[in-house]
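Below, each chain spelled out in residue letters.
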Amino acid sequence: MPGSIQEKAHAEHDDTVNYELGEKNDGVDRHLQVQIPEVLQGLSPEQIAEIDKKATWKLDVLLMPVLVALYILNYLDRQNISSAKLANIVPDLNMTSTDYATAVAVLFAGYVSLQVPSNMVASKISWPGVYICVMCGVWGVISACTGAVHNFAGLAVCRTFLGFAEAAFFPGAIYLLSTFYEKKKMALRSAILYTGSQIGNAFGGLFALAILELDGKAGLEGWRWLFIIEGALTVLLAAIFATFIPNTPSSVRWLTAEEKAQLQYRLEVDRSSKDATDEVSVWEAFKMAVRDPKTWLLCSVLQCNYIAASVTNFFPIVVSGLGFSRTITLAITAPPYILCCIAITINGWHSDKKQERTLHIICPFIITIIANVIAISTTATAPRYVAMMLLPGSFYSASIVILSWISSAMTGPHVKRAIVYAMINALCNTPNIWTSYLYSNAPRYVLAFGVDLAASVGVVICAAATYLYLRNQNRKMDRGEPLGKSGPTQLQIESGFRYQL
């Protein structure tokens, strides 16, 4: 009996491989059976564990900082319109409050429309990491061009095209992570990725505050400098990251042949099957994604989650309702997101450690419900700010677990998983279009917080429903009952595949 977790896992892998390599005349399709790579054959469990540890460390160093930095830029370029409003972009462009809400909303119209096509492309090319960096550079150019607009129409056009370009990033980044990390590592990595958006939210206002001091320089308003500088920074960093971002396990730089083989092998063992992306057309994968009940169950959970999280699009504006100056308002938006970074990392780590998803979604949302009740009940400074402190950390702690749950629940080829990620993320971002019109009755925002509260309750209900469905699927596998085309293959079931709960 192996004495460590790594040794036990290696022993189980060997048992799986030895079984699958055996000849069986049972009618089960075994052409995707997992086989240990030649370079790893004959190595001891201790050696395999050491190779895996080094490969994971190198991958973490190469990939995670890049994705986090790109996500920071993603949020800076998307959310800087809130800081621009505090810097008088509305009167400068002769806009109404409805015009401003529309300028916020149209980004998400573009954002949701191209996510599925973008991830279809990412899943079929050999350099998805570079593709993400290229699209990052494109949205940087568009963001910089926003600094040159002179009316509402120009702002709306720039925001729409910004949404088109940004559509490639988040679903593409989550898909990229799923091609390198097993499901037991996904929640923590998703949490680390999400810290990028929270760092952007936390310090975006402070960064904007510094840039807005350029107001009047070269005859340009401060909000124009905001778009220009943040857009230029995005283009520069995207170009640098494109030179070394990992694309596939077999092509990661600075890894040995054994480390590359282990990255690929552990994914195959984790999914109890080799990948069949090359055997499936994009259209076939799309139909597989649409017909899978798990797609819609998980979509319902994340949809309610994102409705509850829509307050982040107006966070500086909501906080400004506390009555502070522009400088203090932008400064006090930072602490809630700093707390959020800590909360999502702890929740993601603990979810991976316990290999449990449902309670790591429901428990944070109990806090979200409480925070919304506080926010809707009073405009007093202290309790309202306490609610603002609790909201991001609670609903985003659940978001990263939901995203990792999608990875572990989706059976089938990589291209199907890529489409599911994009489809769910696109549909779940549609609330950002219509929720922008809820924040009109300042400073109470009763309608907005009421909708957020209802959506928070919806998360708890939908997560429980998903748990019950997947538990029933596991019980069917235990009883040997067929699960249909949306379930794991017989080969995967024989290898011990079960859904995470």
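This text goes with the structure placed above it.
Residues numbered from 1 in each chain as written. Predicted model: local features only at pLDDT ≥ 70, side-chain atom pairs only at ≥ 80, totals over all residues. Heavy atoms only, no water.

Caption draft 1: Highlighting helix α16 (residues 334–354). The terminal C-alpha atoms of α16, which comprises 21 residues, lie 31 Å apart, in line with the 30 Å expected from a rise of 1.5 Å per residue. Among all positions in α16, only A334, P336, Y337, C340, C341, I344, N347, G348, S351 and D352 are buried. Along α16, the residues classed as buried sweep out an arc of 150° about the axis, all on the same side. Of the exposed residues in α16, the ones pointing more than 90 degrees away from its buried face are I346, K353 and K354. Looking one or two residues beyond α16, the residue adopting positive phi is Q355, at roughly 50°. (Helix = DSSP H or I, 4+ residues; strand = E, 2+ residues; numbered from the N terminus. Expected span 1.5 Å × (residues − 1). Buried < 20%, exposed > 50% of the residue type's maximum accessible area, 1.4 Å probe, protein only. Arc of directions from axis to C-beta.)

Caption draft 2: Representation of the pattern of salt bridges. The tally for this structure, following the rule as stated, stands at 13 salt bridges. For the salt bridge of E481 with R479, the shortest nitrogen-to-oxygen distance reads 2.7 Å. Three or more residues are tied together by salt bridges with common partners; here these are D52, E182, K185 and R266. (Salt bridge = Lys/Arg side-chain N within 4 Å of Asp/Glu carboxyl O.)

Caption draft 3: Just the environment of G487, in detail. As for its position among the elements, G487 is in the loop between α21 (446–479) and α22 (490–494). Measuring from C-alpha to C-alpha, the distance between G487 and P293 comes to 9.7 Å, with 194 residues separating the pair along the chain. Dropping the residues within four chain positions of it, G487 is found in contact with T411 and Y499. (Contact = heavy atoms within 4.5 Å.)

Caption draft 4: Molecular detail of the packing of helix α18 (residues 381–409) against helix α19 (residues 414–428). Running from N to C, α18 and α19 cross one another at 150°; their axes reach a closest spacing of 10 Å. Classified by the interaxial angle, the pair formed by α18 and α19 is roughly antiparallel. Between α18 and α19 the crossing geometry is right-handed. Here α18 contributes L403, I406 and S407 to the contact with α19, which in turn contributes R417, V420, Y421 and I424. When its residues are assigned to classes, the contact of α18 with α19 shows five nonpolar, one polar and one charged. (Axes fitted to C-alpha atoms, helices over the stretch in contact; angles between N-to-C directions. Parallel < 35°, antiparallel > 145°, perpendicular 65-115°, else oblique. Left-handed = near helix turned anticlockwise from the far one by under 90°. Nonpolar A, V, L, I, M, F, W, Y, C, P; charged D, E, K, R; others polar.)

Caption draft 5: Spotlight on a nonpolar patch on the surface. A surface patch of nonpolar side chains, about 550 Å² in accessible area, is lined by F203, L206, I338, I342, I346 and W349. Elements supplying a minimum of two residues to the nonpolar patch: α9 (183–212) and α16. It is α16 that provides the largest number of residues to the nonpolar patch, a total of four residues. Along the chain, the position of I346 falls in helix α16. (Patch = residues over 30% accessible without salt bridge, like charges linked within 9 Å, V, L, I, M, F, W, Y side chains within 5 Å. Areas by Shrake-Rupley, 256 points an atom, 1.4 Å probe, with all protein chains shown as cover.)

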